[in-house]
Amino acid sequence: MEQRALLALMVFSSLIVLAETNDQKHAVEIYSLHVDCKVTSRFAHTVITSRIVNRANESREATFEVELPKTAFITNFSMSIDGEVYPGIIKEKAAAQNEYDSAVSQGQSAGLVKITDRKLEQFHVSVSIAAASKVTFQLSYEELLKRQLGKYELLIRVRPQQLVKHFQIDVHIFEPQGIHFLETDSTFMTNELTEALTKVQNETKAHILFKPTLDQQKKNSERDETLLNGDFVVRYDVKREATAGDIQIVNGYFVHYFAPQEMPVFPKNVIFVIDRSGSMTGRKIEQTRDALLKILQDLRQEDHFSFITFNNKVVEWKSSLLPATEENVASAAALVQTLTARGGTDISGALLAAVGVLDKAQGLPEHSVSMIILLTDGQPTSGEKNVEVIQDKVQKAISGKYALFCLGFGFDVSYKFLEKMALSNGGIARRIYENADAALQLQGFYQEVATPILMQIEMQYPENSVEGLTKNNFKLFFEGSEIVVSGKISNELELLPVEIKAQSHTSNLTLKEEANVKEKEQVFQNQKYIFGNFIERLWAYLNIQQLLEEVNTDFSISAQEEDQKALEAQALDLSLRYSFVTPLTSMVVTKPQQQEELASKPTEADNEKPSSLPAGASFKRFHSRMPSEDDSGALRGKSGSPAGQWRSELQTGSNRKMFSTVSRFRGAVRAQTIANEHPQLLLQLPRQNEKICLNIDKRAQASVHLLSDPEQGLTVTGKLGDGINHFVQFDINYVNPPVEIHVYTHAILVSHNNKNSWLSWTKSTSSTIQGLKVTVEKERSITASLPDMVTVKISLVKFPDDFLGLYFLNTDRFSDKVTGVLGQFYSKAQFESNSNNDQSAVERLLRVSGSEHKVSRLYKKDYRLESASEPVSCWSIELTP
C-alpha cells in the first residue's frame, strides 16, 4: 500500500498542518519544518520550508500542502530531491494552462490551489521519492496584513499528526511607528509547551519563537502522539501619533498609512435587506435571526434603521427609517423572530425599495452615513432576473448617495454579481460560509462597518513628484481599520508633502504632513531580517489588487471592453514582473519524469456551484488569463467548439479530400487549416524580389528573440499565443531614445523614463518621443519610426483569432550586424544561385547564417497593410530558435 506524508500549513497569516502516514508509521518522516514570517510595516513575507526523508526500502509519496490567506500572492516554490532542484515557474495563466492541458488529458491531477475555507486557499503538490531519499519543499508568499477592529492578526494553525524533530516557527515584526501592543494566544498550549515559546520585544521590533523539543511535543512519554493540534495566534497594533498618518520610504517608493483615532462616530441610517426565499429554510434563516437580534443590540441611539424582507414579494417593515430607540429595537426584534423562508428571490425589487425608503426619508441627522446591507443566498429568480440590468438599475438609483454592502450566504449565490454591485456602489461584498459560526460571521461583518468616522477622504500628493499612485480617494473610513496608499517618488525630493481632506461628523478636516525623504530612508537601513524592497513589492501588490477590483467594478452594459482589457494587462504586467501568482497568472511546477502540475490562484467565484443564471443574462465573468484572448473560445479549435468541429471535419472524408485539392492548386505541399492561412512572420528579402513566410516551432521558448541591430539601436522580441499559432505580443526596445513599446492584441503600452502610457486600439492617435514617432491607426496597425532608421510596423488581425503581424519598412537601412530569428534574413540570407530567378520552382535551397534550408512555395494571406495582392506567393520555412 502506498505510504503518504501529508504536510499542510495554513496562515492568516500562516497555518500549518503536518504529516500523516499510513501503514509503516513515519516511514516518510518530516524531520524538519520551519515557518519564517517577516512582517515589515504590515507587509508579511512568509517562507515555509519542509524537509522529508523516506526511511522505507521502497519508493513512497510525499505530499506538501500549504493553506494560505486568500489575500496572499504566492511568489516562489521549489522542491529539491537529492540535490536536484525543481522550481515553479510563474507564467501568464493561459500559457501555463495550455502547457498543463496535456498532463490533465493523461489523467494527472488538476490544479494545485483550491479554496478550502472562508479565509484560506490550499496549495498542494506531491512527489514520489526513492528509498532513503530526501526532499525539501519551500514555498514563499506575501500579503499586506489588514487592520480590522483595531488590530492585525497572524494565525498559525498547527496540526502535525506526528512528532517533528526540528519544528520551529519564527515571527519577526518590525514597525517603525512603534508597537502599541503585542499578544500571543493558543488553543493547545500546555505548561511544557509554554517553555518552548519565547517573545522578545522592544519599541519597534518583536521576535516570537516557538521551538518545542520532541519531548515537549508528546502527549505522554509512552506514546508518540503530538500535542500540537490547534491555533497559534499573534495579534498586535502600532502606535499612532501623527494626525496625518505615517509615511515610510525605501528605494524611491513610499507607503502612507492613515488610521485616525478618537474621532466622533457618524450616525448611521441603515436598511437591512433580508432574503427570506425558500432556499433560506432551516439553518440559514435561524442563523440570520440570531445574528440580526445581536446586531439590533449594537445599534447606537443616534442611528436610524429599517428592514426590508423579500422572496418573490418585497415587504417593507416600516415606510420610513426609525430611530434606534429601545422601543423600536424591541419591535424590530419581534419581527426578526417571526422570519420564515418560502418563495422566490426578487433581489432587484428589494434593493430598489430600499433606495426608495432612503430617498424619501425625513428627519435624519444632517451629518450621517446611509447604507444598505443586503443578505441573500441565491440567484434572482423573481422580478428582474438579468443581473446586468439589476446592477445598472441599482447603480443609477443609488447614484453615489449611499453605500451598498452585499453578503452572499453559501455557494448558490453568484458572488461575482454581488461583488460587482457592492464595489460599484461604494461598499464591499463578503461570502458567509454555512458553518456553525455563520451568525458570528454576520455579526463580525456588521462590527467592521458599524462605526464610520470619516467620509469623502482624499489623500493628496504632489502630481509632478509622485507617479504610479495607488487608490487615494475613499468614500468611507471605519474606526479600527486603516487606509494604505503607495506610490513612486519620481524625482529627487527632499520633502514629500501630503494633504488629507475629509469630512468628519463635526467638521471638514484638512490634515497636512511632510516626510523628510532621507530620514525616512534611513529608518530601514541595516535591518538584517527585513527584505529591503518591501515597499516596492507592497506597491505592486496594492496596484494588482486594485486594478482587478476596478475591472470588477466596471460592470455596466456600456462599459468599454478595451478599457477592462487594458486594466487587466497592467495587472498582468505587474504580476509577471514581481512574480506574483494572481488570478491572471499561474505557476507551473515540473516534477521528476517531466510531470507538470499547475498552481493557479482561485477567486471566490471559482468555489461556487454551477451558475443557473437565466437565459439572456449576459454576465461577464472575470477573465483569469491574458486579456488579449477571446473569451468565447469558439474559434480556438477546442473540443466541442464550433471551430474545433469545423477543423476536424476538414481533416476527414470528402472534406479532407476537397481541402487538399485546393491546397495543391495553390502549390502547397500539405493541407493548411484556416488558422494557418496567415504566416506567423512575412518579410521581403532586401535587394531580392522574394518573400519569406516564416513559422517558428511552438515548442520554442515563451519569448522569441526576433531581431537585434546594434547600429540601429533596435531590438524586437515576440510571444506566440496559446491555442493560436500566431504572435499575440511584440516588444520593441529602442536605445535612443530609451523607449519600450509593448504591443498586445488588446492594447499598447509605451514606457519612457519609468512612465507608462496605455494606448487603445479603438482610436487613432499619434505621439512623438524625442524624435520617435508612434502612430496607432484605429483597429489596424501601430507604426514606430525614427528619421533615417528602419520603420517597425505591426498589423492587428481580427479574424478568425486576434493576432499580430510584424513587418519592417526601409529594410535597406538594416546594418550587416542585424541578428535574430527574423533579423538574420536581412543580412545573411541567399538563395542558391542557379535557381535564383526561377519563379516557377516549387522548392529551392536557401542559405541563412551558414545553414541550408529546403523551402517550398506556398500561397498565404498577407497581413501587411501596404500589400495589394491577396494571397501572396512566398517561400515557406519553419525554424526552431
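Residues numbered from 1 in each chain as written. Predicted model: local features only at pLDDT ≥ 70, side-chain atom pairs only at ≥ 80, totals over all residues. Heavy atoms only, no water.

### Overview of the overall build of the protein
The criterion, for reference: Here a strand is any run of E in DSSP of at least two residues, a helix any run of H or I of at least four, and the numbering for each starts at the N terminus. Buried means the residue's accessible area, taken with a 1.4 Å probe over protein chains only, is under 20% of the maximum for its type, while exposed means over 50%, and partly exposed covers the values in between. It only takes one pair of heavy atoms within 4.5 Å for two residues to be counted as in contact.
Each helix and strand counted, the protein has 14 helices and 52 strands in total. Here the protein, with 881 residues, has 57% of them falling under the buried criterion. Sequence-distant contacts, at least 24 apart, represent 67% of the contacts inside the protein between residues at least 6 apart.

### Let's talk about the environment of Val-125
Tracing the backbone through its elements, the reader meets Val-125 in strand 9 (residues 120–129). As a C-alpha pair, Val-125 and Ala-599 span 474 residues in sequence and 9.0 Å in three-dimensional space.

### Re the pairing of strand 17 (residues 223–226)
Basically, it comes down to this: Here, strands pair whenever DSSP counts at least two bridges between them.
In terms of strand pairing, strand 16 (residues 218–220) meets strand 17 through two bridges, oriented antiparallel. Paired with Asn-220 across the two strands is Arg-223, which belongs to strand 17. Count of turn residues in the strand 16/strand 17 antiparallel hairpin: two residues.

### Topic: the pattern of salt bridges
Threshold: What makes a salt bridge here is a side-chain nitrogen of Lys or Arg within 4 Å of a carboxyl oxygen of Asp or Glu, nothing more.
Evaluated as defined, the whole model comprises 31 salt bridges. The closest approach of N and O atoms between Arg-780 and Glu-777, which form a salt bridge, is 2.9 Å. The shortest N-O distance in the salt bridge between Arg-864 and Asp-862 comes to 2.8 Å. Neither residue differs from the other here; Arg-864 and Asp-862 are each classed as buried. One network of salt bridges, with partners in common, ties together Arg-42, Arg-147, Glu-175, Asp-237, Arg-240 and Glu-482.

### What about the nonpolar core?
Proteins that are soluble and globular tend to have nonpolar side chains buried together. For clarity, the threshold we go by: Here, nonpolar core refers to any group of buried Ala, Val, Leu, Ile, Met, Phe, Trp, Tyr and Cys residues whose side-chain atoms link them within 4.5 Å.
The biggest cluster of nonpolar side chains holds 62 residues, and the ones touching the most others in it are Leu-681, Ile-692, Leu-706, Ile-741, Leu-806, Phe-808 and Phe-825. Not counting chain neighbours up to four residues away, the residues in contact with Leu-806 comprise Leu-681, Leu-682, Leu-706, Val-716, Phe-730, Val-792, Lys-793, Ile-794, Leu-822 and Tyr-863. Among the nonpolar cores identified, the runner-up in size contains 55 residues, and Leu-33, Ala-62, Ile-81 and Leu-182 belong to it.

### Looking at the packing of aromatic side chains
Here the distance between the centres and the angle between the planes together describe a pair of aromatic rings. The following threshold applies: Within 6.5 Å between ring centres, the rings of Phe, Tyr and Trp (the latter by its six-membered ring) count as paired, and their orientation is classed by plane angle as stacked under 30 degrees, edge-to-face over 60, tilted in between.
Within this structure, the stated rule accounts for 32 aromatic pairs. Ring geometry for Phe-73 and Phe-580: centres 5.3 Å apart, planes at 50°, overall tilted. Here Phe-73 is found in strand 6 (residues 73–81), whereas its partner Phe-580 is found in the loop between helix 12 (561–577) and strand 34 (585–590), with 507 residues between them in sequence. Here Phe-73 matches Phe-580 in class, with each residue buried. Taken together, the aromatic side chains of Phe-272, Phe-305, Phe-307, Trp-317 and Tyr-446 make up a single cluster linked through ring pairs.

### Quick word on the state of the cysteines
Heads up, the condition is: By disulfide we mean two sulfur atoms from cysteines, separated by a distance within 2.5 Å.
Summed over the entire model, instances satisfying the criterion amount to one disulfide. Across a sulfur-sulfur distance of 1.8 Å, Cys-693 and Cys-874 are joined as a disulfide pair. The chirality of the disulfide connecting Cys-693 with Cys-874 is left-handed, given an S-S dihedral of about -105°. With Cys-693 in strand 37 (residues 691–696) and Cys-874 in strand 52 (residues 872–879), this pair connects stretches of sequence that are 181 residues apart.

By themselves, these figures tell us nothing about what the structure is for.
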